[in-house]
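Observations on the model geometry
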Amino acid sequence: AHPYQTEAPWLESTNSSSVPIYRNYINGEFVPSEATDYIPLTDPTTNNLIYNVPRSTNDEMLSAVSYASEAFHKWKDVPIQQRQRIMLQYQALIRDNMNDLATLITLEQGKTLVDARGDVFRGLEVVEAACGLGGSAMMGETLENLSNGLDTYSYRQPLGVCAGIAPFNFPA
């Protein structure tokens, strides 16, 4: 069996001796990619191939964006307290799985476990800050009589689907 083989919903195993392949996460599910080209993910301490990451197809990317757009239209109507509760659950998941997350960082990036734990903790701090954005931090602003007969107001609202590129050396 492959030395890094694990049972995880985000991994696809083709057979017992092959390198596991990461799955795409689309519409709330881990799904195999139709890609035929892969990015090798190696353990930097041994240079052994541990996983293959698919170079997902354009259709897969468009599908992910389409489902994310659909989800956005539902998410933007969720009251702020309910959104905050979901973020608090996310915070709890990170806290409950800190050691496992740090172990994955160590495996994939060769960091010491202590350093990887620090990365996870810094990521947790970002989530904790986001959890505190409920209530007054999400309120808009109004200014009456800015000029003769002119009032101004602003609303804080979700904008929609976006993408992020995270530095490979700081996953938290």
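So, here's what we can say about the structure. (Residues numbered from 1 in each chain as written. Predicted model: local features only at pLDDT ≥ 70, side-chain atom pairs only at ≥ 80, totals over all residues. Heavy atoms only, no water.)

Proteins that are soluble and globular tend to have nonpolar side chains buried together. Judged by nonpolar contacts, Ile94, Met98, Ala102, Ile105, Ala116, Val120, Leu124, Val127 and Cys131 together constitute the single largest core of 9 residues. For this core, the leading source of residues is helix H4 (residues 113-131), giving 5 residues. Setting aside chain neighbours within four positions, we find alanine 102 in contact with Leu113, Ala116, Arg117 and Val120. Among the nonpolar cores identified, the runner-up in size contains 6 residues, and Ala8, Leu11, Tyr51 and Leu107 belong to it. (Core = buried A, V, L, I, M, F, W, Y, C linked by side-chain atoms within 4.5 Å. Buried < 20%, exposed > 50% of the residue type's maximum accessible area, 1.4 Å probe, protein only. Helix = DSSP H or I, 4+ residues; strand = E, 2+ residues; numbered from the N terminus. Contact = heavy atoms within 4.5 Å.)

Further remarks concern helix H3 (residues 98-109). Along its 12 residues, H3 runs 16 Å from first to last C-alpha, staying within 8% of the 16 Å computed at 1.5 Å per residue. Regarding H3, the residues found buried are Met98, Ala102, Ile105 and Leu107. In this structure, the buried side of H3 is in contact with strand S6 (49-54), helix H2 (80-96) and H4. Positioned one or two residues after H3, glycine 110 has a phi angle of 75 degrees, which is positive. (Expected span 1.5 Å × (residues − 1).)

Glancing now at the pattern of salt bridges. All chains considered together, the criterion is met by 4 salt bridges. Close ionic contact of lysine 111 with aspartate 119 constitutes a salt bridge, the shortest N to O distance being 2.4 Å. Exposure remark for aspartate 119: the relative accessible area of 1% places this residue in the buried category. Through salt bridges with shared partners, one network takes in Lys111, Asp119 and Arg122. (Salt bridge = Lys/Arg side-chain N within 4 Å of Asp/Glu carboxyl O.)

For the rest of this paragraph, the subject is the environment of glycine 110. Note that glycine 110 resides in the loop between H3 and H4. Note: C-alpha distance between glycine 110 and threonine 46 (64 residues apart in sequence) is 9.1 Å. When near neighbours in sequence (up to four residues on either side) are disregarded, glycine 110 contacts Pro44, Thr45 and Ile105.

Time to look at the packing of H3 against H4. Packing of H3 against H4 leaves a shortest axis separation of 8 Å and a crossing angle of 120 degrees. Our classification of the angle between H3 and H4 gives oblique. With respect to the hand of their crossing, H3 and H4 are arranged in right-handed fashion. Listed contacts from H4 to Met98, Asn99, Leu101, Ala102, Thr103, Ile105 and Thr106 of H3 are Leu113, Ala116, Arg117, Asp119, Val120, Phe121 and Leu124. Here the contact of H3 with H4 is composed, by residue class, of 9 nonpolar, 3 polar and 2 charged. (Axes fitted to C-alpha atoms, helices over the stretch in contact; angles between N-to-C directions. Parallel < 35°, antiparallel > 145°, perpendicular 65-115°, else oblique. Left-handed = near helix turned anticlockwise from the far one by under 90°. Nonpolar A, V, L, I, M, F, W, Y, C, P; charged D, E, K, R; others polar.)

For the rest of this paragraph, the subject is unusual backbone geometry. Positive phi outside glycine occurs at asparagine 27, with the angle close to 55 degrees. Within the secondary structure layout, asparagine 27 lies in the loop between strand S3 (24-26) and strand S4 (29-31). A relative accessible area of 48% means that asparagine 27 is categorised as partly exposed. Positive phi, normally seen in glycine, also occurs at asparagine 47, with a value near 65 degrees. Checked against the element boundaries, asparagine 47 lands in the loop between strand S5 (38-42) and S6.

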